[in-house]
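Chain by chain, the residues run as shown.
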Amino acid sequence: MGNCASAIDAFVQRGNRASPAATAGMSASRRTSSSATTGKLSTLSSASTFMPSTVSGGDDDDDDPVGQILESPNLKIYTFAELKSATRNFRPETVLGEGGFGKVYKGWVDEKTMNPSKASTGVMVAVKKLNPESVQGMEQWQSEVNFLGRISHPNLVRLLGYSMDDNELLLVYEFMAKGSLENHLFRRGAVYEPLPWSLRLKILIGAARGLAFLHSSERQIIYRDFKASNILLDSHFNAKLSDFGLAKHGPDGGESHVTTRVMGTYGYAAPEYVSTGHLYVKSDVYGFGVVLLEMISGLRALDPSREREKVNLVNWARPLLSDRRKLSQLMDGGLEGQYNPKAALLAAQLTLRCLNGDPKRRPSMKEVVEALEKIESSAKGRMAREPRNSSRRGLVQSPRGDSARNNSSSRGR
Ligand SMILES: Nc1ncnc2c1ncn2[C@@H]1O[C@H](COP(=O)(O)OP(=O)(O)OP(=O)(O)O)[C@@H](O)[C@H]1O
Ligand SMILES: [Mg+2]
């Protein structure tokens with residue numbers, strides 16, 4: 001972080017306005033997360049720009065009165081020493097995870113003052129500390145402060161404060177008790193049981209609402225890094241998007257940005273963006289389609305350990321998604337008996353629409369939310385109609401009225 005100090009000075013002098021000049025020369029790729037098999041994209045040239053927008057709470061179409069975007073970030077500024085104290089000196093036991101920016105620690109602050117509190121008192125927060133080797137960290141830190149620091153929405157993680165003291169860059173977020181969706185989908189063990197279908201739908205709807213809000217704001221925000229590891233879950237499995245390090249305002253005049261520096265994550269980034277650098281709001285919809293596919297199949301977007309033709313999930317799954325008889329081959333085995341085939345087919349059709357090669361033919365995130373809500377309510381309606389003794393997982397009501405252990409050809413098929 002050799003040139004961080006001057007970049008921070010420039011940032012402060014401009015009243016928290018990110019300056020391309022301040023970030024020039026800090027444009028290498030983020031380090032690939034150790035847990036993810038999806039690598040970071042980083043074809044470099046010019047730095048992306050960021051201009052804070054005016055106050056907006058979404059366009060006329062936005063029927064979500066909950067979210068809002070402030071004119072300037074409303075955040076608590078911490079000293080490095082305060083965050084050191086909140087995390088017990090960045091003790092290894094407090095590490096929650098690690099990504100391209102650096103390690104994330106658990107910390108404790110006073111609920112009212114937000115000052116560091118004594119161990120295990122007050123509220124928990126997550127403190128992200130920039131790894132000095134992260135050459136692009138300053139730019140991402142600025143983006144996080146400028147975007148997330150101004151936005152409030154139930155499906156976007158809350159940024160509470162930051163520190164840029166002592167040449168160290170840190171971010172303080174609300175604590176998300178259940179961690180990332182990536183862990184729940186792909187890790188196994190006592191803590192990570194397979195997510196039931198109903199919970200997957202709830203998480204997808206929450207994440208879709210978060211994206212829809214960003215897209216509907218006055219100056220659209222393109223999130224640019226939609227993936228399972230950036231969807232965090234609170235104690236009730238409410239989904240919130242985190243990581244606005246790559247976020248960008250939508251194009252002013254035309255339909256797309258042309259970026260010479262392609263950023264994002266392999267496996268999730270839209271094909272038009274990877275091949276031409278054209279970035280659309282609909283590029284986010286493609287990323288959503290990939291996560292939807294991961295949720296349906298329980299498989300990672302990219303996994304080099306799979307057979308060659310299955311390494312890239314989208315390429316392999318596309319023909320299965322469009323064939324109602326083959327769809328069951330793709331569905332996560334752990335979901336058996338939890339969904340009806342009609343709901344699975346609707347989810348598959350929605351996935352295909354999101355993954356359309358032509359961004360214009362992808363649905364808007366508002367349409368995606370509506371489609372998912374329909375799938376969810378049809379599943380709920382179905383549960384309500386079913387006799388009580390068949391609602392237990394794995395049990396189905398046979399035509400004669402006696403319960404039978406579920407199998408692939410029973411419940412709802
Ligand atoms: N607010 C939070 N509350 C609880 N845990 C968090 C929070 N933010 C991050 N984490 C944990 O830290 C891990 C690392 O997060 P981070 O966003 O730095 O990296 P990543 O998303 O895995 O990778 P990338 O850098 O590619 O985005 C997450 O997977 C999650 O387990
Ligand atoms: Mg992340």
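Our subject is the structure listed above.
Cut-offs used in this document
Residues numbered from 1 in each chain as written. Chains lettered and ligands numbered in written order. Predicted model: local features only at pLDDT ≥ 70, side-chain atom pairs only at ≥ 80, totals over all residues. Helix = DSSP H or I, 4+ residues; strand = E, 2+ residues; numbered from the N terminus. Buried ≥ 20, exposed ≤ 12 C-beta atoms within 10 Å, placed from the backbone. Contact = placed C-beta atoms within 7 Å. Near = placed C-beta within 6 Å. Nonpolar A, V, L, I, M, F, W, Y, C, P; charged D, E, K, R; others polar. Domains from an automatic or database assignment. Expected span 1.5 Å × (residues − 1). Arc of directions from axis to C-beta. Pairing = 2+ DSSP bridges. Axes fitted to C-alpha atoms, helices over the stretch in contact; angles between N-to-C directions.

1. Points about the environment of Tyr78
1) Next: Of note, Tyr78 is situated in the loop between strand S3 (76-77) and helix H3 (80-86).
2) Next: Taking the C-beta count within 10 Å as the criterion, Tyr78 has 26 such neighbours and is therefore assigned buried.
3) Next: Taking the C-alpha atoms as reference points, Tyr78 and Ser163, separated by 85 residues in sequence, lie 4.8 Å from one another.
4) Next: Ignoring sequence-local partners within four residues, the contact set of Tyr78 consists of Leu83, Gly161, Tyr162, Ser163 and Val172.

2. Let's talk about the site of ligand 1
1) Next: In the vicinity of ligand 1, 23 residues are found, and the nearest of them are Gly97, Gly99, Gly100, Ala126 and Met176.
2) Next: When contributions to the shell around ligand 1 are tallied by element, the ones reaching two or more residues are strand S4 (95-98), strand S6 (123-130) and strand S10 (179-180).
3) Next: Among the elements that line the shell around ligand 1, the one with the most residues is S4, at three residues.
4) Next: Class assignment for the residues of the shell around ligand 1 results in nine nonpolar, 10 polar and four charged.
5) Next: When residues are assigned to domains, the shell around ligand 1 turns out to be shared by domain 1 (2-11 + 24-174) and domain 2 (179-412), each giving three or more.

3. Concerning helix H11 (residues 341-354)
1) Next: Counted at 1.5 Å a residue, the expected span for H11 with its 14 residues is 20 Å, and the 20 Å between its end C-alpha atoms agrees.
2) Next: Taken together, the buried positions of H11 are occupied by Ala344, Ala347, Ala348, Leu350, Thr351 and Cys354. Taken around the axis of H11, the buried residues stretch over an arc of 160 degrees, which confines them to a single face.

4. A short note on the sheet that holds strand S12 (residues 231-233)
1) Next: Taking strand neighbours across the sheet as the criterion, the three strands line up as S10-S12-S13 in an open arrangement whose pairing is antiparallel. Two strands lie at the open edges of the sheet, namely S10 and strand S13 (239-241), each paired on one side alone.
2) Next: By the bridge criterion, three bridges tie S12 to S13 in an arrangement that is antiparallel. Its bridge partner lying in S13, Leu232 is registered against Lys240.
3) Next: Relative to S13, helix H6 (residues 197-216) is tilted by about 30 degrees, and along the sheet it contacts S12 and S13.

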